[in-house]
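Examination of the molecular architecture
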Amino acid sequence: MSCYIYRFEEVVPHKRRKGLGRADFMSEIVNTENGQQQEGEKETVSRNFIEQMIDKDLAEGVYDKVHTRFPPEPNGYLHIGHAKSILLNYGLAKQYKGQFNMRFDDTNPTKEKTEFVESIKEDIEWLGADWEDRLFFASDYFEQMYEGAVKLIKKGKAYVSDLTAEQMKEYRGTLTEPGKDDPNRDRSIEENLKLFEEMKNGIYQDGEKVLRAKIDMKSPNINMRDPILYRVAHMAHHNTGEKWCIYPMYDFAHPIEDAIEGITHSICTLEFEDHRPLYEWVVRELEYPNPPRQIEFAKLYLTNVVTGKRYIKKLVEEGIVDGWDDPRLVSIAALRRRGFTPESIKMFVDLCGVSKSNSSVDYAMLEYCIREDLKLKKPRMMAALDPLKLIIDNYPEGQTEMLTVANNMENESMGTREVPFGRELYIDREDFMEEPPKKYFRLYPGNEVRLMNAYFVKCTGCIKDEDGKVIEVHCTYDPETKCGTGFTGRKVKGTIHWVPALQAVKAEVRLYENIIDEEKGVYNEDGSLNLNPSSLTVLKDCYLEPALADAEEFDSFQFVRQGYFCVDCKDSKEGALVFNRIVSLKSSYVLPKN
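Structural notes, computed from the coordinates. (Residues numbered from 1 in each chain as written. Predicted model: local features only at pLDDT ≥ 70, side-chain atom pairs only at ≥ 80, totals over all residues. Heavy atoms only, no water.)

Okay, the overall build of the protein chain next. Each helix and strand counted, the protein chain has 14 helices and 27 strands in total. Each principal axis of the C-alpha distribution contributes one length, and for the protein chain these read about 100 × 60 × 45 Å. Looking at the protein chain as a whole, 53% of its 594 residues qualify as buried. Contacts spanning at least 24 positions in sequence make up 70% of the contacts within the protein chain whose residues lie at least 6 apart. Summed over all atoms, the accessible surface of the protein chain reaches about 28300 Å², with 47% contributed by carbon and sulfur. (Helix = DSSP H or I, 4+ residues; strand = E, 2+ residues; numbered from the N terminus. Buried < 20%, exposed > 50% of the residue type's maximum accessible area, 1.4 Å probe, protein only. Contact = heavy atoms within 4.5 Å. Areas by Shrake-Rupley, 256 points an atom, 1.4 Å probe, with all protein chains shown as cover.)

Below, the structure is given as structure tokens:
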């Protein structure tokens with residue numbers, strides 16, 4: 001899968017061919033993107049608007065290289081939206097044979113933790129974005145930022161203000177009314193230098209004084225109305241400890257960080273578009289050579305998911321989820337734990353494309369991508385998630401034979417495995433009915449089916465407990481019908497999977513649905529979340545075929561007729577396996593027409 005990002009409508013320049021189903025059409029799109037052109041088609045590679053800007057900058061000599069970065073704040077876990085930014089920035093650097101930096105924007109010690117730093121690094125490495133030896137922290141530049149603030153004061157471009165937060169809000173004005181000048185705006189350069197140094201030396205309490213840029217209180221862009229550059233905060237920092245008690249604001253620090261590192265194109269999301277004039281003001285007034293260029297793109301929004309840190313934190317604290325990596329969430333850590341792959345995330349981001357318009361993407365598209373990635377890679381194993389014992393009365397007691405089973409019928413290169421077969425098996429409870437409806441082709445008294453990769457069996461009856469629940473199904477088998485022998489004497493309409501009872505591996509299986517009630521939407525009228533009470537179903541006594549006994553964390557498989565499953569990395573242990581369902585086999589997703 002290419003790391004380049006395409007507009008979805010540009011990746012697919014042709015209409016769906018007559019007779020081609022939607023699922024096949026989607027596969028054709030992905031195959032075309034992977035370079036597998038359809039017969040008679042010309043390869044079409046469109047340039048998104050960011051690539052066009054970069055091409056123009058390089059052609060005009062504005063820059064002679066491309067240098068990008070991903071600059072998260074270490075105040076939470078990354079989610080699927082961040083994956084788009086990571087892959088976009090890294091992909092552009094790779095595409096133009098440039099460089100990619102990893103930088104933590106750690107200018108706010110009130111919310112930052114080393115735990116978040118480590119999780120972010122792990123997420124980015126897992127996605128395959130390689131920063132090589134270029135791992136930086138904004139806090140490494142605190143000295144240069146302080147010197148930059150002093151330079152602005154000396155140029156008459158910054159001043160120390162005594163206004164409280166409430167007063168500053170009052171003076172700022174509104175979207176329709178200009179702001180008013182700060183009473184301290186005309187302080188002398190000498191007084192401002194003295195006050196700012198006192199701020200640095202810890203003379204003042206939190207909120208008592210701030211350093212403001214001196215720009216234009218009547219600007220139609222509120223971000224340019226003398227924004228705060230520095231505030232007092234007597235807090236220890238995860239990287240610099242107790243060294244500083246003043247910290248730069250993001251809008252001041254970020255352009256300085258980019259300029260120091262030689263970033264050429266500062267790619268960010270649309271909410272920073274109105275901040276771009278301030279970004280450009282900072283690098284211009286501080287006289288950085290070859291200043292970086294800020295370019296904004298639309299965020300990636302998924303339907304019916306929770307990404308807000310405040311909401312996730314509440315879910316964790318209330319025990320509704322078991323952490324930031326709970327598989328029902330869409331943090332990158334949660335997706336990894338559930339069993340999503342970097343390749344599936346890249347495919348998803350590529351299909352979403354890059355644009356300047358905000359839009360939402362159906363979560364089912366993400367599910368489509370993981371199915372596409374796994375279907376030819378993973379072995380197809382048998383598992384009874386709601387097990388019901390099946391006894392073959394005429395099969396010799398004590399006998400076990402080994403049956404050869406293809407690991408993946410769509411990918412012969414994955415080879416085969418041996419599965420033990422005997423008199424007692426487990427099947428899924430839904431594969432037997434005592435009184436079936438019409439067109440039910442699985443087991444019921446008098447009906448014959450094929451046991452997958454094994455024999456025909458005919459149901460002769462069942463045994464129930466005192467509550468009337470079926471606990472055993474009895475059958476007879478026909479030894480002439482063994483799979484692979486070429487038997488053609490008669491046909492059956494149903495095939496069911498099974499697990500050998502004596503050698504079966506017991507496991508816990510967790511079935512996930514969207515944590516949000518999709519019919520009601522994400523939020524209630526009071527702002528609380530509409531939670532789906534059925535978002536997690538835990539099946540305690542499942543039986544799997546014996547080859548899964550050695551499965552390790554993050555190993556994933558297809559369970560025949562059930563879906564794709566992954567060994568849980570937190571709770572699974574040797575002898576007590578736990579599997580998470582990544583995604584079901586069937587989808588209601590309909591490919592958009594465009």
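Still more to cover.
When the terminal C-alpha atoms of helix α9 (residues 250-261) are compared, their 16 Å separation across 12 residues agrees well with the 16 Å that a helix rising 1.5 Å per residue should span. For α9, the buried fraction is high: 9 of the 12 residues fall into the buried class. The set of residues buried in α9 consists of F252, A253, H254, P255, I256, E257, D258, A259 and E261. In the segment just after α9, G262 is the residue with positive phi, at about 75 degrees. (Expected span 1.5 Å × (residues − 1).)

What follows concerns the pairing of strand β2 (residues 99-104). The buried fraction of β2 is high, at 5 of 6 residues. Sheet topology note: the strand β1 (residues 67-70)/β2 ladder contains 4 bridges and is parallel. Note that in β2 the partner of F70 across the bridge is M102. Handedness of the β1-helix α4 (residues 80-95)-β2 crossover: right-handed. In this structure, β2 lies alongside strand β3 (residues 135-137), joined through 3 bridges in parallel fashion. Bridge pairing in β3 links R103 to F136. Note on the crossover from β2 through helix α5 (residues 114-127) to β3: the handedness is right-handed. (Pairing = 2+ DSSP bridges. Right-handed = clockwise from strand over helix to strand, strands pointing away.)

On to the environment of E397, then. If you trace the backbone, E397 turns up in the loop between β14 (387-392) and β15 (400-406). A relative accessible area of 67% places E397 in the exposed class.

A word on the sheet that holds β3. With parallel pairing, 3 strands are arranged side by side in an open sheet as β1-β2-β3. In this open sheet, the two edge strands, each paired with only one partner strand, are β1 and β3. Along the sheet, successive strands turn relative to each other by an average axial angle of 35 degrees, direction set aside. α5 rests against β1, β2 and β3 of the sheet, and its axis sits at about 160 degrees to β2. Along the sheet, α9 contacts β1, β2 and β3; its crossing angle with β2, the most-contacted strand, is approximately 140 degrees. (Axes fitted to C-alpha atoms, helices over the stretch in contact; angles between N-to-C directions.)

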